[in-house]
Structure formats: C-alpha cells, structure tokens
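Now for the letters of each chain:
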Amino acid sequence: MSMTQYDINVRQGLPEEMQLLLREYPRDAWPDHPNFATSIRNWMGAHGMFRQLAELIVTDTQALLDKASDPTRYASRLGHFGNLLVRNLHGHHGWEDHRFFPELEAADGRFARGLEMLESDHLEMDQRLESFTRASNRYLQLMDLSPKDAEAEIGAIQKAGEGIERFLERHLSDEEDLVVPILLHHKMRG
Ligand SMILES: [Fe+2]
Ligand SMILES: [Fe+2]
C-alpha cells in the first residue's frame with residue numbers, strides 16, 4: 001500500500017483531511033449525543049480493555065526486569081493475559097476489516113482512505129503481535145525446560161510489549177476519531 005504518509009510510526013494523530021466529520025462531532029460531545037448507541041460504547045469499551053491488557057503486561061514485565069516479582073507468577077500471568085490480548089485483538093481486527101469497515105465505507109465513501117489507513121495499521125499490528133507471541137512462548141518454554149536461561153528473553157518481551165502499547169495508543173484514538181463521527185452522523189448501529 002502506498003500510504004507511507006499515513007504510517008502509524010510517523011503520524012501524529014488523525015490526518016487533517018480525515019477530520020471532516022470530527023470537527024462537527026468533537027470527542028467531548030460524543031457521550032451526550034442521542035446517536036451514541038450502546039454498541040458504540042461497547043466497541044470503545046473493547047479498546048479500553050486492550051489498552052489495559054497491554055499496560056498490565058508492560059508493568060508486569062518491568063517488575064520482573066527490576067527483580068521485584070516472582071518469575072513463576074509472572075509466567076502464569078503472561079500466559080493468561082498475553083493470550084487474551086493477542087486472541088481478542090485478532091478477533092477485533094478481523095471483524096473490523098471484514099464487517100465493520102465495509103459497512104462504514106458503504107455509508108460514507110468520503111472516508112475510504114481513512115479506513116484503508118486503519119486496515120494497514122492492523123497489518124502492522126499483526127507483525128507486532130507475532131514478535132510478542134514468539135518472545136513470550138520462548139520464555140514460557142524455557143521456564144519449563146531451563147528456568148535460568150529464561151531471563152535472557154525478558155528484554156524481547158518488554159520491547160514487543162512497549163511497541164504494542166504505543167501502537168494501540170495511536171491506532172485506537174485515530175480509529176475512534178474517524179469512526180465515531182461517521183456512526184453519529186449516519187445514525188448507525190443504534
Ligand atoms: Fe482497529
Ligand atoms: Fe478497533
């Protein structure tokens with residue numbers, strides 16, 4: 001995709017040319033808008049859960065790096081919360097790519113490029129999730145086979161986790177800024 005100017009690693013927020021409706025429906029006014037449906041609230045709630053999971057994993061991993069926590073407990077939390085984050089994000093992105101975004105594009109063709117940008121974010125996220133999963137699985141396997149070697153993997157988990165956290169911060173807020181005004185304007189998902 002030739003959208004390097006919209007690359008999630010360089011952009012600073014929702015690009016100006018995609019803010020057509022955001023100017024009419026600023027974030028502060030969403031909660032009181034009559035078209036702010038429960039389904040929109042739930043979708044934003046899922047984003048909040050992803051943010052929390054990523055933060056929890058990074059905080060946990062930092063505590064382990066600082067030798068402030070127990071490796072066995074860390075391993076079990078990493079397995080549980082890491083799996084939750086990766087599985088739910090895959091499901092969420094798949095649904096957005098295949099069901100939600102096409103529905104939005106059909107409702108308002110002006111935002112096709114914005115939706116395309118969000119889809120390429122998802123591709124980037126897939127790679128980040130894969131690195132995170134690989135590093136985590138290596139750690140968990142070593143914790144079973146050779147715990148003293150497991151420690152060497154923690155840095156890679158933390159690097160991947162922080163990358164995911166940064167990615168989510170940008171992606172989720174740009175996605176909400178693009179999508180919620182479309183939903184409100186066209187009275188969708190009410
Ligand atoms: Fe998304
Ligand atoms: Fe999303």
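Residues numbered from 1 in each chain as written. Chains lettered and ligands numbered in written order. Predicted model: local features only at pLDDT ≥ 70, side-chain atom pairs only at ≥ 80, totals over all residues. Heavy atoms only, no water.

A.B. asks: Would you mind going over the coordination of the iron ion (ligand 2) in detail, with residue names and values included?
C.D. replies: The protein atoms donating to the iron ion (ligand 2) are His 47 (NE2), His 92 (NE2), Glu 96 (OE) and Glu 175 (OE), with metal-donor distances spanning 2.0 to 2.2 Å. For the iron ion (ligand 2), the four donor atoms in the first shell make angles of 80 to 172 degrees at the metal, so the coordination geometry reads as irregular. Mapped onto the sequence, the donors of the iron ion (ligand 2) take the spacing H-x44-H-x3-E-x78-E. Between the two metals, the iron ion (ligand 2) and the iron ion (ligand 1), the spacing is 3.3 Å, and Glu 96 donates to both. In this pair, His 47 is assigned in helix α1 (residues 38–65) and Glu 175 in helix α5 (residues 154–185), connecting sequence segments 128 residues apart. On the basis of relative accessible area, Glu 175 is assigned to the buried category, the value being 0%. (Donors = N, O, S within 2.8 Å, 3.2 Å for Na, K, Ca; no water. Tetrahedral: all angles 85-135°; square planar, octahedral: opposite > 155°, others 65-115°. Helix = DSSP H or I, 4+ residues; strand = E, 2+ residues; numbered from the N terminus. Buried < 20%, exposed > 50% of the residue type's maximum accessible area, 1.4 Å probe, protein only.)

A.B. asks: How would you explain the coordination of the iron ion (ligand 1) if you had to name every residue and give the values?
C.D. replies: Angles at a metal have ideal values that depend on geometry: 109.5 degrees with four tetrahedral donors, 90 or 180 degrees with six octahedral donors. Around the iron ion (ligand 1), the protein contributes the donor atoms Glu 96 (OE), His 122 (NE2), His 171 (NE2) and Glu 175 (OE), which lie 2.1 to 2.3 Å from the metal centre. Note that the iron ion (ligand 1) binds four donor atoms; their angles at the metal cover 87 to 174 degrees, and the shape is irregular. Here the donor residues of the iron ion (ligand 1) are spaced in sequence according to E-x25-H-x48-H-x3-E.

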